[in-house]
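# Structural overview for review
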Amino acid sequence: SAVISQKPSRDICQRGTSLTIQCQVDSQVTMMFWYRQQPGQSLTLIATANQGSEATYESGFVIDKFPISRPNLTFSTLTVSNMSPEDSSIYLCSARVGGGGYGYTFGSGTRLTVV
Amino acid sequence: GEDVEQSLFLSVREGDSSVINCTYTDSSSTYLYWYKQEPGAGLQLLTYIFSNMDMKQDQRLTVLLNKKDKHLSLRIADTQTGDSAIYFCAEIPNTGTASKLTFGTGTRLQVTL
């Protein structure tokens, strides 16, 4: 299965600033996904990022707050903009790396604390 | 809409079996998954089951699927302290939006000595 390198692994940020999270996949993938995991909660999908098109956002998430780039088939970034303490979460990227049951691999996550 | 439901917490003694249950939402989901999340880590795919199967066994892990009741379970035999983690079930609902995983609420498994 593929390996996803995600960075930074954690950060503490001031409110009002922005943080960009990067994910690098060791193989070419069509679909990448960004999730948020609030403290003690499950994973919620933020958006789906396909190369060559704009990301598709889920209900409750907007591009101005969470802009996403997908410049090629192995890389994506998520920016958390104008942060507030409510944005403190773990952010995870995922890629669909093949068909069938082994389709989804996850990065190790970015633990974000906004102060 | 409906949530993928799991019980929040399970405590077992080392060496016993653990059974983690999940009720999912879409009877037409093709694949159902079990992921493990250790503290401070991302998600690790443990196993999956295709919807035309009732059971799948993989070493210490046994997955049971009841499509009629939309019920999925994960049994861990001979549970070890290293199995302590949060376990998530996940499905790909047939909502017309391609390929996005919907996760359960997560079950925290605590293994005691």
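Before any of the text, the structure's been laid out above.
Since the structure is predicted, the reported quantities are computational estimates derived from the model, not experimental observations. (Residues numbered from 1 in each chain as written. Chains lettered and ligands numbered in written order. Predicted model: local features only at pLDDT ≥ 70, side-chain atom pairs only at ≥ 80, totals over all residues. Heavy atoms only, no water.)

## Remarks on the sheet that holds strand β7 (residues 68–72) of chain A
Residue and element names in this part refer to chain A. Spelled out, the test is: Here a strand pair is declared whenever DSSP counts at least two bridges between the two strands. Counting from the N terminus, the helices are the DSSP runs of H or I reaching at least four residues and the strands are the DSSP runs of E reaching at least two. Interaxial angle, 0 to 180 degrees, is taken between N-to-C directions of lines fitted to C-alpha atoms, where a helix line uses only the stretch in contact.
The sheet built from four strands is open, its strands ordered β1-β3-β8-β7 with antiparallel pairing. Only two strands of the sheet have a single neighbouring strand rather than two, namely β1 (4–7) and β7. Averaged over neighbouring strand pairs, the angle between their axes works out to 15° when direction is ignored. The pairing of β7 with strand β8 (residues 75–80) spans three bridges and is classified as antiparallel. Note on β8: the bridge partner recorded for Ile 68 is Leu 78.

## Side note on the layout of surface pockets
How we decide: Using a 1 Å grid laid over the protein atoms alone, points where a 1.4 Å probe fits but cannot get out form a cavity; open sets with protein on both sides within 12 Å along at least 5 of 7 lines form a pocket; any residue with an atom within 4 Å of a point counts as lining. Grid points are joined across faces, edges and corners, and a volume is the space filled by probe spheres set on the points. Throughout, the ten residues Ala, Val, Leu, Ile, Met, Phe, Trp, Tyr, Cys and Pro are labelled nonpolar, Asp, Glu, Lys and Arg are labelled charged, and all others, Gly among them, are labelled polar.
When its volume is computed, the largest pocket comes out at roughly 1000 Å³. Residue lining of the largest pocket: 45 residues in total, with Gln 41, Ser 42, Leu 43 and Thr 44 of chain A together with Gly 104 of chain B positioned closest to the centre. Among the elements of the structure, β5 (43–50), β9 (89–96) and β11 (110–114) of chain A together with β9 (85–91), β10 (102–103) and β11 (107–112) of chain B are those that each provide at least two residues to the lining of the largest pocket. Ranked by the residues each element gives to the lining of the largest pocket, the list is headed by β9 of chain B, at four residues. For the lining of the largest pocket, the residue count by class is 17 nonpolar, 20 polar and eight charged. What lines the second largest pocket is Lys 36, Leu 46, Asp 58, Gln 59, Arg 60, Leu 61, Ile 76, Asp 83 and Tyr 87 of chain B. Of the residues that constitute the lining of the second largest pocket, the class distribution is four nonpolar, one polar and four charged.

## Here we look at the interface of chain B and chain A
The cut-off we apply is this: Working rule for contacts: check all heavy atoms of both residues, and any pair within 4.5 Å makes them a contact. Buried area adds together the accessible area that both of two parts lose upon being put together, with accessible area traced by a 1.4 Å probe. When a carboxyl oxygen of Asp or Glu lies within 4 Å of a side-chain nitrogen of Lys or Arg, that pair is called a salt bridge.
If you look at the interface, chain B gives 19 residues, while chain A gives 19 residues. Roughly 1600 Å² is buried in total at the junction of chain B and chain A, and carbon and sulfur atoms are behind 56% of that figure. Summed over the shared surface of chain B and chain A, the number is zero salt bridges. Elements represented by at least two residues in the side of chain B that touches chain A include exactly β4 (31–37) and β5 (43–50) of chain B. In terms of residue count, β4 of chain B provides more of the side of chain B that touches chain A than any other element does, four residues in total. Along the lines of polarity and charge, the residues of the side of chain B that touches chain A split into twelve nonpolar, six polar and one charged.

## Considering the side chain of Ser 76 of chain A
Residue and element names in this part refer to chain A. Selection rule: We call two N or O atoms a polar contact when they sit within 3.5 Å, provided that within protein one can donate a hydrogen and the other can accept it, with sequence-adjacent residues counted only if both atoms are side-chain atoms.
With respect to the element layout, Ser 76 can be found in strand β8. At a separation of 3.0 Å, a polar atom in the side chain of Ser 76 contacts the side chain of Trp 34. Dropping the residues within four chain positions of it, Ser 76 is found in contact with Ile 21, Gln 22, Cys 23, Met 32, Trp 34, Ala 49, Ile 68, Ser 69 and Arg 70.

## Some words on the sheet that holds strand β1 (residues 5–6) of chain B
All names here are of chain B. Taken in spatial order, the five strands of this open sheet run β1-β3-β8-β7-β6, and their pairing is antiparallel. Here the strands that pair on one side only, and so sit at the sheet edges, are β1 and β6 (55–58). Both β6 and strand β7 (residues 61–66) contribute to a ladder of four bridges, which runs antiparallel. Looking at β7, one finds that Asp 58 is bridged to Leu 61.

## Considering the pattern of salt bridges
Our working rule: Burial here depends on accessible area, computed with a 1.4 Å probe over protein chains only, as a share of the maximum for the residue type. Under 20% is buried, over 50% is exposed, and the range in between is partly exposed.
Following the criterion strictly, the structure yields three salt bridges over all chains and no others. In this structure, the salt-bridge partner of Lys 65 of chain A is Asp 87 of chain A, at a minimum N-O distance of 2.6 Å. Of this pair, Lys 65 of chain A sits in the loop between β6 (56–57) and β7 while Asp 87 of chain A is found in the loop between β8 and β9, placing the two residues 22 residues apart along the sequence. Between Asp 69 of chain B and Lys 68 of chain B there is a salt bridge; the shortest N-O distance is 3.5 Å. Assessed through its relative accessible area of 45%, Asp 69 of chain B is described here as partly exposed. Look at Lys 68 of chain B and you get exposed, because its relative accessible area is 75%.

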